[in-house]
Amino acid sequence: MKTVIIPTRNRPKLLDHTVKVILEQLNSTDEIIIVDSSDSPNESELVNGSSRIRYIRTEIKSAAAQRNIGIEQISTCDHVFFLDDDVVPPQDYFFKCSRLLDETGAVGVSGLAINPNAKKFREVPSGISGLLHKFFLLDSKKDGVLLKSGINIPLRKLDDGFSQTDWLIGCSAWRFNSIGDTRFENDFKGQSLAEDVIFSNRMGRKGILITDSRIILAHDESPIERPANFEFWEMWILNRLRLIKVAKFGWAGFLSYWWANLGQALIFTLLILKSESEHIESFKGLKSGVNKVVRKKS
């Protein structure tokens, strides 16, 4: 038995499309749990008319907290799938992930989420920018790792096969009996940046994590309810600090964290000096996050 948990907010059309694709792949014993924090209730006949869908309204505007609400609704199942409302799973997605969990003995597996409209797939910084990113622990030669600076490096190669990684993306599959009392960060707001990395770091202590680059999810990356540059980079500072603590990186982690923050500030400064004004709000968000950490308001 499979359970699919989808947090959503103000994206009814995208949610409908995602749910339709999911229902075509599930068995009669499987279910979808939708946790909706939208400004108004979803009136879709598809969402509200299927016996395999449980629709839950909440005032909590947090993707992480909404996933936790979904987990609490499950009494029993074999595998739990977390999906976003703007991500469309490929054919046989649930079968492939479940088979991978069973064959590898992993506690969690994921594929790759790719924006079909993007011109390039997860481009690696090159030249001076690439050197700065590696020097300040903002990037690594190795994909799928979690650096002590709190930077999680995605898979950037579309190779055949699967590999063990340090973390999994938010759209992932897990053994339900392995989750236990492990939860996402309930106090994270909005898009809850890095909540998937923190959750998978906790789960990684219970068993191996696997990413299969043959499983490609179409991620539309809807601009609706997506954080602006200021908010994103403020969260980047605050939530990575939580990750450092959860991962128990110790003093090496805290030093690496501040070193990476310094490097990112330097990179933004250089870009702004090159008249790339779109980075000004990002720099302000970075600065705001640092100020909150220093003042212990994070």
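Nothing here was measured: the structure is a model prediction, and the numbers come from that model.

Caption draft 1: Expanded view of the side chain of Ser-222. In this fold, Ser-222 is placed in the loop between strand S9 (209-219) and helix H8 (229-246). Discounting chain neighbours no more than four positions away, the residues touching Ser-222 are Arg-11, Leu-14 and Asp-86.

Caption draft 2: Fine view of the environment of Phe-95. Take Phe-95: it is sitting in helix H4 (residues 93-104). Separated by 89 residues in the primary sequence, Phe-95 and Phe-184 have C-alpha atoms spaced 25 Å apart.

Caption draft 3: Structural detail: helix H9 (residues 250-273). Spanning 24 residues, H9 covers 35 Å between terminal C-alpha atoms, matching the ideal 34 Å at 1.5 Å per step. Along H9, the residues classified as buried are Gly-253, Ser-256, Tyr-257, Ala-260, Asn-261, Gly-263, Gln-264, Ala-265, Ile-267 and Phe-268. Buried residues along H9 sit in contact with helix H5 (127-135), H8 and helix H10 (280-294). Just downstream of H9, Ser-275 is the residue with a positive phi angle, here 70°.

Caption draft 4: Spotlight on a nonpolar patch on the surface. Residues Phe-135, Leu-137, Trp-259 and Leu-262 make up a contiguous nonpolar surface patch of roughly 380 Å² in combined accessible area. Within the fold, Leu-137 resides in the loop between H5 and strand S7 (162-164).

Caption draft 5: Region of interest: the pairing of strand S4 (residues 79-82). Residues of S4 alternate between two faces, with His-79 and Phe-81 on one and Val-80 and Phe-82 on the opposite face, all of them buried. Summarising the sheet, S4 and strand S8 (residues 172-175) pair through four bridges and their orientation is antiparallel. Bridge pairing in S8 places Phe-81 opposite Ala-173.

Caption draft 6: View of the environment of Leu-137. Of the residues examined, Leu-137 reaches a relative accessible area of 30% and is grouped as partly exposed. C-alpha of Leu-137 to C-alpha of Gly-263: the two residues are 126 residues apart in sequence and 8.2 Å apart in space. When residues no more than four places from it in sequence are discounted, the contact partners of Leu-137 are Leu-147, Ser-149, Ile-151, Ser-256, Trp-259 and Ala-260.

Caption draft 7: Seen up close, the packing of aromatic side chains. Summed over the entire model, instances satisfying the criterion amount to 15 aromatic pairs. Seen in terms of ring centroids, Trp-233 and Phe-268 are 4.9 Å apart; in terms of plane orientation they differ by 90°. Their pairing is edge-to-face. Linking Trp-233 in helix H8 with Phe-268 in helix H9, this pair joins segments that are 35 residues apart in sequence. The class for Trp-233 is buried, based on a relative accessible area of 14%. Put simply, the rings of Phe-82, Trp-174, Phe-184 and Phe-199 touch in pairs and so form one group of aromatic residues. The side chain of Arg-67 reaches across the aromatic face of Phe-184, ending 5.5 Å from its centre. Over the face of the ring belonging to Trp-236 we find Arg-240, whose NZ or CZ atom lies 4.1 Å from the ring centre.

Caption draft 8: The pattern of salt bridges, seen in detail. A complete count under the given rule lists 20 salt bridges for this structure. Overlapping salt bridges, with partners in common, bring together Arg-11, Asp-85, Asp-86 and Arg-226 in one network.

Caption draft 9: Quick look at helix H1 (residues 12-23). Look at H1: 16 Å from first C-alpha to last across 12 residues, which is about the 16 Å you get at 1.5 Å a residue. Taken together, the buried positions of H1 are Leu-15, Thr-18, Val-19, Val-21, Ile-22 and Leu-23. On its buried face, H1 sits against strand S1 (2-8), strand S2 (31-36), helix H2 (45-49), strand S3 (53-57), strand S5 (87-88) and H4.

Caption draft 10: How the structure looks around the packing of helix H7 (residues 195-203) against H8. Running from N to C, H7 and H8 cross one another at 5°; their axes reach a closest spacing of 10 Å. With respect to H8, the axis of H7 lies roughly parallel. In contact with Val-197, Ile-198, Asn-201 and Arg-202 of H7, H8 contributes Asn-239, Arg-242, Leu-243 and Val-246. Grouping the constituent residues of the contact of H7 with H8 by class yields four nonpolar, two polar and two charged.

Caption draft 11: The state of the cysteines, seen in detail. All told, the structure shown has zero disulfides when counted by the stated rule. In this structure Cys-97 is a free cysteine whose sulfur lies 10 Å from that of Cys-171, the closest cysteine sulfur available.

Caption draft 12: Spatial organisation of the side chain of Arg-67. Looking at the secondary structure, you find Arg-67 in helix H3 (residues 63-72). Relative accessible area serves as the criterion here: at 2%, Arg-67 is assigned to the buried category. One polar contact links Arg-67 to Asp-84, side chain to side chain, over a distance of 2.6 Å. Contacts of Arg-67, omitting those with residues within four sequence positions, involve Ile-5, Pro-7, Phe-82, Asp-84, Phe-184 and Glu-195.

Conventions used here
Residues numbered from 1 in each chain as written. Predicted model: local features only at pLDDT ≥ 70, side-chain atom pairs only at ≥ 80, totals over all residues. Heavy atoms only, no water. Helix = DSSP H or I, 4+ residues; strand = E, 2+ residues; numbered from the N terminus. Contact = heavy atoms within 4.5 Å. Expected span 1.5 Å × (residues − 1). Buried < 20%, exposed > 50% of the residue type's maximum accessible area, 1.4 Å probe, protein only. Patch = residues over 30% accessible without salt bridge, like charges linked within 9 Å, V, L, I, M, F, W, Y side chains within 5 Å. Areas by Shrake-Rupley, 256 points an atom, 1.4 Å probe, with all protein chains shown as cover. Salt bridge = Lys/Arg side-chain N within 4 Å of Asp/Glu carboxyl O. Pairing = 2+ DSSP bridges. Phe/Tyr/Trp six-rings, centres within 6.5 Å; stacked < 30°, edge-to-face > 60°. Lys NZ or Arg CZ within 6 Å of the ring centre and 35° of its normal. Axes fitted to C-alpha atoms, helices over the stretch in contact; angles between N-to-C directions. Parallel < 35°, antiparallel > 145°, perpendicular 65-115°, else oblique. Nonpolar A, V, L, I, M, F, W, Y, C, P; charged D, E, K, R; others polar. Disulfide = S-S within 2.5 Å. Polar contact = N/O pair within 3.5 Å; in protein donor to acceptor, adjacent residues only side chain to side chain.

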